[in-house]
Amino acid sequence: MARILTVANQKGGVGKTTTAVNLAASLSVMEKKTLLVDLDPQANASSGVGGTPGGDEERNIYRVLMGEISVAEAIRETGLPFLYLLPASADLIGAEIELVAMERRERRLAEALAPVTEEYEVIMIDCPPSLGLLTVNALCAADAVLIPLQCEYYALEGLSSLFRTIDRIREEMNPGLRIEGVALTMFDARNNLAHQVADEAREILKDLVFQTVIPRNVRLSESPSHGKPALLYAVSSRGAQSYLELARELVNRWNGRTNP
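Residues numbered from 1 in each chain as written. Predicted model: local features only at pLDDT ≥ 70, side-chain atom pairs only at ≥ 80, totals over all residues. Heavy atoms only, no water.

## Digging into the pairing of strand β4 (residues 83-86)
Inference 1: The side-chain alternation of β4 yields two buried faces, one formed by L83 and L85 and the other by Y84 and L86.
Inference 2: Pairing of strand β2 (residues 34-38) with β4, which is carried by four bridges, proceeds in the parallel orientation. Note that in β4 the partner of V37 across the bridge is L86.
Inference 3: Bridging between strand β3 (residues 76-77) and β4 involves two bridges; their strand directions are antiparallel. Along β4, the bridge assignment pairs R76 with L85. (Buried < 20%, exposed > 50% of the residue type's maximum accessible area, 1.4 Å probe, protein only. Helix = DSSP H or I, 4+ residues; strand = E, 2+ residues; numbered from the N terminus. Pairing = 2+ DSSP bridges.)

## A word on helix α5 (residues 92-100)
Inference 1: Where α5 is concerned, the buried positions are L92, A95 and L99. All buried residues of α5 project into a common sector of 20° when viewed along the axis, lining one side. In this structure, α5 carries I93 and I97 as exposed residues pointing more than 90 degrees from its buried face.
Inference 2: Looking at the packing, one finds that the buried side of α5 touches β2, α3 (61-65), α6 (108-113) and α7 (133-141). (Arc of directions from axis to C-beta. Contact = heavy atoms within 4.5 Å.)

## What about the pattern of salt bridges?
Inference 1: Counted by the stated rule, this structure contains 13 salt bridges.
Inference 2: Between K32 and E121 there is a salt bridge, and its shortest N-O distance comes to 3.5 Å. With K32 in the loop between α1 (16-29) and β2 and E121 in the loop between α6 and β5 (122-126), the pair connects residues that are 89 residues apart, well separated along the chain.
Inference 3: Since its relative accessible area comes to 18%, K32 is described here as buried.
Inference 4: On the accessibility criterion, E121 (38% relative accessible area) is partly exposed.
Inference 5: For D167, the salt bridge identified is with R170, shortest N-O distance 2.8 Å. Residue D167 and its partner R170 are both found in helix α8 (residues 159-172); the two are separated by three residues, about one turn of the helix.
Inference 6: The class of D167 is partly exposed, set by a relative accessible area of 35%.
Inference 7: On the basis of relative accessible area, R170 is assigned to the partly exposed category, the value being 27%.
Inference 8: Connected via shared salt-bridge partners are K16, D40 and D126. (Salt bridge = Lys/Arg side-chain N within 4 Å of Asp/Glu carboxyl O.)

Set out below in structure tokens:
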């Protein structure tokens, strides 16, 4: 069975999609068959691995959630042999409203992914920057949550809302859900505030914080415009190497557990 990992943070601009794309790509080059699920209407994760900018209009996660096509019909290959994509579309903007009237609305994604969970080692879900029904679906489908935390002012304030949502999902719908860890992103070593935020995060969250820190990096910012993860665009860059290291740390955490 695949390990299902949701990358979530209700704040925008924290490196969430960058983390989902580059961590999924890094796991794939470790020869772990990985499915990247783009659940964000902006479809940036889709274009970030070579998908159609703005999302796929025909084969996409929206049509899967609505029961119009199967998940297998919507999955696409990418430029990496072990990385596959379930693309988004702009139609997801309306999905929050449409899901409200549906039965088992919080479980639509989990039920849609069920037929392919044995085909992959990792399924990584990129969420929209909100705590709406799409993110709730991603949390209900997941084994664990990875939270990107930008090393900037106000970074820790928004975590309480996300933690409360995770606790509620755990209590009511997905008792096995855990927090996989918090990844410090956008770290600028020249900035004293970045060091302060990182130190405070480690003091408060302790072992939840990954040792690997993702720096601010020009190549990470440039790679989406080329439709490639950083390791295909500039593998020797600090950004690409940091995500490879984060992937290794994540796998080491998994190997230290007997259960997914």
